[in-house]
Amino acid sequence: MNTTAGCVVLGIGTVLVLPLILATLLGWEPPLPHRDTDPPRLLASVALAAYAAAFAEAAPRLAGASKSVVTACSRIALLLALLAVALGIAYERTAPLRDRRRD
């Protein structure tokens, strides 16, 4: 990815996605269909971890950081991506519990 495309992608993500994630974490419920009556905060946490992973991976490369900084940030991005996967699995595993509570 060249510098211009990386800046555009991060800028769009920061302007459009990040405010929605933060608003959802603060209690706002988006008018999108979801499968339960609980607020989708755990799902917003998944999106925030994925956004942070993408940011940690791309930002040092776009800034022209040294190789050691890029390597460290890549490892941090991997950990954040694994956190996003773990949170997504936790969200999916709690779905039967939420469905049983409504019955």
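A brief look at the structure comes next.

Rules and cut-offs
- Residues numbered from 1 in each chain as written.
- Predicted model: local features only at pLDDT ≥ 70, side-chain atom pairs only at ≥ 80, totals over all residues.
- Heavy atoms only, no water.
- Salt bridge = Lys/Arg side-chain N within 4 Å of Asp/Glu carboxyl O.
- Helix = DSSP H or I, 4+ residues; strand = E, 2+ residues; numbered from the N terminus.
- Buried < 20%, exposed > 50% of the residue type's maximum accessible area, 1.4 Å probe, protein only.
- Axes fitted to C-alpha atoms, helices over the stretch in contact; angles between N-to-C directions.
- Parallel < 35°, antiparallel > 145°, perpendicular 65-115°, else oblique.
- Left-handed = near helix turned anticlockwise from the far one by under 90°.
- Contact = heavy atoms within 4.5 Å.
- Nonpolar A, V, L, I, M, F, W, Y, C, P; charged D, E, K, R; others polar.

1. Here we look at the pattern of salt bridges
- Tallied over the full model, the rule gives 1 salt bridge.
- With a closest N to O distance of 2.7 Å, R61 and E57 form a salt bridge. Of this pair, R61 and E57 both sit in helix α2 (residues 41-63), 4 residues apart, roughly one helical turn.
- On the accessibility criterion, R61 (48% relative accessible area) is partly exposed.
- Assessed through its relative accessible area of 29%, E57 is described here as partly exposed.

2. A closer look at the packing of helix α1 (residues 3-25) against α2
- Packing of α1 against α2 leaves a shortest axis separation of 10 Å and a crossing angle of 155 degrees. Comparing their axes, α2 and α1 come out roughly antiparallel. When the axes of α1 and α2 are compared, the crossing they make is left-handed. Residues T3, G6, C7, L10, G13, T14, L18, I21, T24 and L25 of α1 form the contact with α2, whose own contacting residues are R41, A44, S45, A47, L48, Y51, A54, F55, A58, A59 and L62.
- For the contact of α1 with α2, the residue count by class is 14 nonpolar, 6 polar and 1 charged.

3. Points about the environment of A56
- Tracing the sequence through the fold places A56 in helix α2.
- Taking the C-alpha atoms as reference points, A56 and S74, 18 residues apart in sequence, are found 6.8 Å from one another.
- Contacts of A56, omitting those with residues within four sequence positions, involve C73, A77 and L80.

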